[in-house]
Structure formats: C-alpha cells, structure tokens
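Architecture at a glance
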Amino acid sequence: MVAVHSNYHPGIPMFGNLLNEVAARFGLNLDKAKLLLGSLIALIFNEKRGGAAGFVDLFRSRGMGGMIDSWIGNGPNDPIDASQLESALGSQEIDAIARQTGVERGVAASALAALLPGTFNTLTEDGRIPTGIPDRIRGFMDSLGDFFRNAGAGALGLGAAAVGGAAHAAGRAGDAIGDVAEGTVDAIGDAGRATVRTVDNAVDRVGDAARSGGIGKWLPWLLLAGLLIAALFWFKGCSKNEATPAPSTAETPTEVAATSVNPRFGFANADGKVTVNGQVASDADKTKLWDALVANFGDGNVMGDITVDPATGAAGWLDKLVALLPDFKAKGLKFDFDGSKLQFDTSAMSDVDRNALMEKLNGAFDGVQILGLDKGTDALAALREGFSGADLVKALSMVNIQFKTGSAEISPASMVLVRNAAEYIKKAPAGTRIEVGGHTDNVGNAAANMGLSGARANAVMAKLVEFGVDAGTLTAKGYGQDKPIADNATDEGKAQNRRIEYTLAQ
C-alpha cells in the first residue's frame, strides 16, 4: 500500500479546487487524485522528453498545438478528452500510471485528461513555460516521494521529476542529507549525467572527510551517494520486479504515441438500412461488431466497412455498444464514436425516439463524452474552467427538460439531464444563487398554468438538491404563460414556451 499524505501541502492551494472537482467527477478518493496529479506533473517535466518545453512540442507534433497553447497563460483552456491524451502520450504511459496508482484504466485516462488543462495553465500562469519544477509545487512532489520510490521512476517513465520526488522523500531521513539532496535535484538537467556528477562529488567529499577523520563527518555523504545511485537506477527504467534495466524501455511510450490512433465507429440508420464505417485494433473486434450488426439489422441491411489496424487503441466501449444495438433501430439515428467521444445527430429523429434513446443511454457509457442529444448538455460541456454564473444559467436554460403531459413528473429521459445539470451547478462560483423558473404555453386556464409551472420548477429544484446541490443556493418560481419566448400560435412556438429557465437570483 502506497503511503500518501492525506492533507494538501500548504504550497499548492492552487490545485485544491481542481483535485476536489476531478475526485468528485470520477468517484476517486482525494489520495488517488493526488497520485494522478503528481504523475502528470512528473510527465510534464520529464527531462527525457525535454521537460515542459518538450511536452509542448510533443502536443504540437500530434496536431494539438492550438489546444496546448490555450493552456499557457490566462486561458480559457480548450478541453482534451482521454483518447486525445492517449494519442499524445501513448497507451503505455496511461497503462503504467493506471497500474501504479491503482486507478481503473479508463477512469485514469479520463481523470488525467480532466486534470491536464488546469494543471498546465497553473504551471504557466505567467505565460512562460517553466524550465523545471516550480518551487511552489516542490512540496507537493515531496509529499508523493513514497509513491515514486515504491513505483520506480522508470516503471512510470517519469524521469527526473520522479527522481526528485523520491530523493526528497528519502532525504527526510536526516536534515543534512535532505538539504544536500534538494540541492542536487535542483541541479539535474539530464537526470542520468547530473546524478553521476553528483555521486562523483559526493564520493570525493567522502574521501576528504575520511582523510580528516571521524565517521560522523563522512557518513551523511556516503548515504547521499547511495541514495543518488539508487535514483539513477530508478530513472533508467528499473521497476520493483526487474533486476536488469532495459535501456530501450524509456523510449517505447514515445514510439507507441507516434503510431496509436483512436478507435472509430460511424453508424447511420436510414429506414432500416444501416451504413457503417470505422477502425478497430483486431480482426476479433471487427468480427464481434459486424456479426452483432448483421444479427440485429439483417445481412442485406448492413453496408460499409470496418478496417483493422493493430496500431489502433482499445475500444473500451465495444461490448456496451454491441449490447445496445437492439435499441438503435430508430429511423434517422446517426452517431460517431471517436476514441472516448460519442457524437449523435438526432435531427432526423422524432421526439419520441430521441427521448427513448436518451433513456437507454443513461449511464450506459461511463467515461465517454456524449454530445448531440441535447443542446443544453452540449453547452454545459463547452463551459470553460472558471466559468461565471451568467455563463452557467445561459447553458442551463438550453437544457430541454420534459415532463409527463399535464403533470410535474419529470420524464425518465430527462432525469439524466437534471443529474448532469446538478454537476455543473455544484461547480458554480462561490456565492452563486440560482432561480429555477417554470413556464408554460397558453393552452388551458391561466391560473392552472401558473400552478403547473410552479410545481414543475419545484420538482426540478428538488431533484437538483437530491443530486447534491446545496438547497440554500436555489429558489423555485412558476411564471405560468406570462413570459413567452415564441409565438403560441404554432406548435413549435408552444414547445419553446414550455420550458425550465434559470436565472441568477438576487
């Protein structure tokens, strides 16, 4: 069991909100989130890849230059998904971090992707790319020294940054050794050569101290030499279970990253005729998917091709997709899987079919970003870190919450939308208070509509509280038919007027 300090180090309050947010979003305890953050910082400053500047160059070489440039300075930060992160870093890096942190692989990839923009933005808040780990976060890396020591820097491919963390942790054995080790880590440029030079210096000092007499004078230097020799072995790729370093291992993740591509699958249902395309990693995956398509839609109704490329990443969603194919028979349904992003086009579907689809998808694809089913959900997903209350209520008001006819009972299809809305409201700036407003069309009695709109607003507020929103930050009010936003003379206008609208409460 890896020992991790459970309290935040006072030197890094800037990461506190980010850690809390990611831990809550992915169901992680805080210690696991810290391990993922520490591993990410170590990767950013890995001297084998040229430190933070090399990290930037790596993303630019993968066609993500605009994305990483948005993280430098004041933002706003473009998001990155798990598949894009894996494409940049390589699947072996993600595998190693997941294994060593004890976090499920898909969750680890998604959580690292969620951590990266804010982390890099914080490290470059002055618009400059740091040449080494900033002093203000060394205490945090120090607190993870036991983790790096147990995992082995080479096992994670973390390079000098991990050696730094391990050296700091070991240095706490004695003040004299700790002071010298910290200075040594600060001097590391290329971790291997710097370590050798420092060991040479330490040995020289041991000799001088020995000649001058007194075991107490040279013992700390001897211990330091041993510590740095051990760090050198960690850096070169030794893990706990390997007796001999494999020099080529450190370069493997970069090579994999150069060839790894996202698994893809496109689907379009036109009157029962299905056209597909995509790319998976193996013939077995292709056969599984194709056989399921034929079984559900008929041999003569499936067209297109799925290619096989061993360089393709694993399609973690494949089994769930196969299980859901019987529910994908609605005419007009189109979607595209690309890595861990699922984009729907439901413009040709009926409202009934769209709502039924949303019910089936509720919780079906954990760790997958689902877009295209609801404009409000897409708008919420597009909010930048540090969004304002005004931005939040604008996106929330686009969420299309449906109720059973003539009642305040939220439809099952809309329940997932309310749950998602709650997650974003919980991230609102401190002091934000929101009014949940209910509105109706002009059909029926005005007094009855006023009562119905209030009941629906209260129902939504109650569910938001059930999903974790602080009740003290919400109010509910019904407006009936008094504030239309469209013409009630048309069915389309009436549909727009039947809505839940969010505003900032005074």
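Check the entry above for the structure.
About the criteria used
- Residues numbered from 1 in each chain as written.
- Predicted model: local features only at pLDDT ≥ 70, side-chain atom pairs only at ≥ 80, totals over all residues.
- Heavy atoms only, no water.
- Core = buried A, V, L, I, M, F, W, Y, C linked by side-chain atoms within 4.5 Å.
- Buried < 20%, exposed > 50% of the residue type's maximum accessible area, 1.4 Å probe, protein only.
- Helix = DSSP H or I, 4+ residues; strand = E, 2+ residues; numbered from the N terminus.
- Contact = heavy atoms within 4.5 Å.
- Phe/Tyr/Trp six-rings, centres within 6.5 Å; stacked < 30°, edge-to-face > 60°.
- Lys NZ or Arg CZ within 6 Å of the ring centre and 35° of its normal.
- Axes fitted to C-alpha atoms, helices over the stretch in contact; angles between N-to-C directions.
- Parallel < 35°, antiparallel > 145°, perpendicular 65-115°, else oblique.
- Nonpolar A, V, L, I, M, F, W, Y, C, P; charged D, E, K, R; others polar.

1. Structural notes on the nonpolar core
- One finds Phe265 and Leu464 to be the most contacted residues of the largest nonpolar core, which totals 61 residues.
- Broken down by element, the residue count for this core peaks at seven residues, all from helix 21 (residues 412-425).
- Setting aside its immediate chain neighbours within four residues, Phe265 contacts Val276, Asn277, Gly278, Leu289, Leu293, Ile306, Trp317, Leu321, Phe335, Asp336 and Phe337.
- Leu19, Leu37, Phe59 and Val103 belong to the second largest nonpolar core, which has 49 residues in total.

2. Digging into the environment of Ala98
- Its place among the elements puts Ala98 in helix 6 (residues 91-101).
- Residue Ala98 is classed as buried on the basis of its relative accessible area, which comes to 6%.
- Residues contacting Ala98, with those up to four places away along its chain left out, are Val103, Arg105 and Ala108.

3. Structural notes on the packing of aromatic side chains
- The final tally for this structure, using the stated rule, is 11 aromatic pairs.
- Ring centres of Phe267 and Phe297 lie 5.7 Å apart, and the angle between their planes is 55 degrees; this geometry places the pair in the tilted category. Of the two residues, Phe267 sits in strand 1 (residues 264-270) while Phe297 sits in helix 16 (residues 283-297), which places them 30 residues apart along the sequence.
- By relative accessible area, which is 2% here, Phe267 ends up buried.
- Each member of the aromatic cluster is reached from another via a ring pair, and the members are Phe265, Phe267, Phe297, Phe328, Phe335 and Phe344.
- The positively charged end of Lys427 is found above the aromatic ring belonging to Tyr424, 4.7 Å away from the centroid.

4. Here we look at the packing of helix 5 (residues 82-89) against helix 7 (residues 105-123)
- The N-to-C vectors of helix 5 and helix 7 enclose an angle of 90 degrees; their axes lie 8 Å apart at closest approach. Between helix 5 and helix 7, the crossing angle belongs to the class labelled roughly perpendicular. The segment helix 5 lies against helix 7, with Ala82, Leu85 and Glu86 engaging Arg105, Ala109, Ser110, Leu112, Ala113 and Leu116.
- A per-class count over the contact of helix 5 with helix 7 returns six nonpolar, one polar and two charged.

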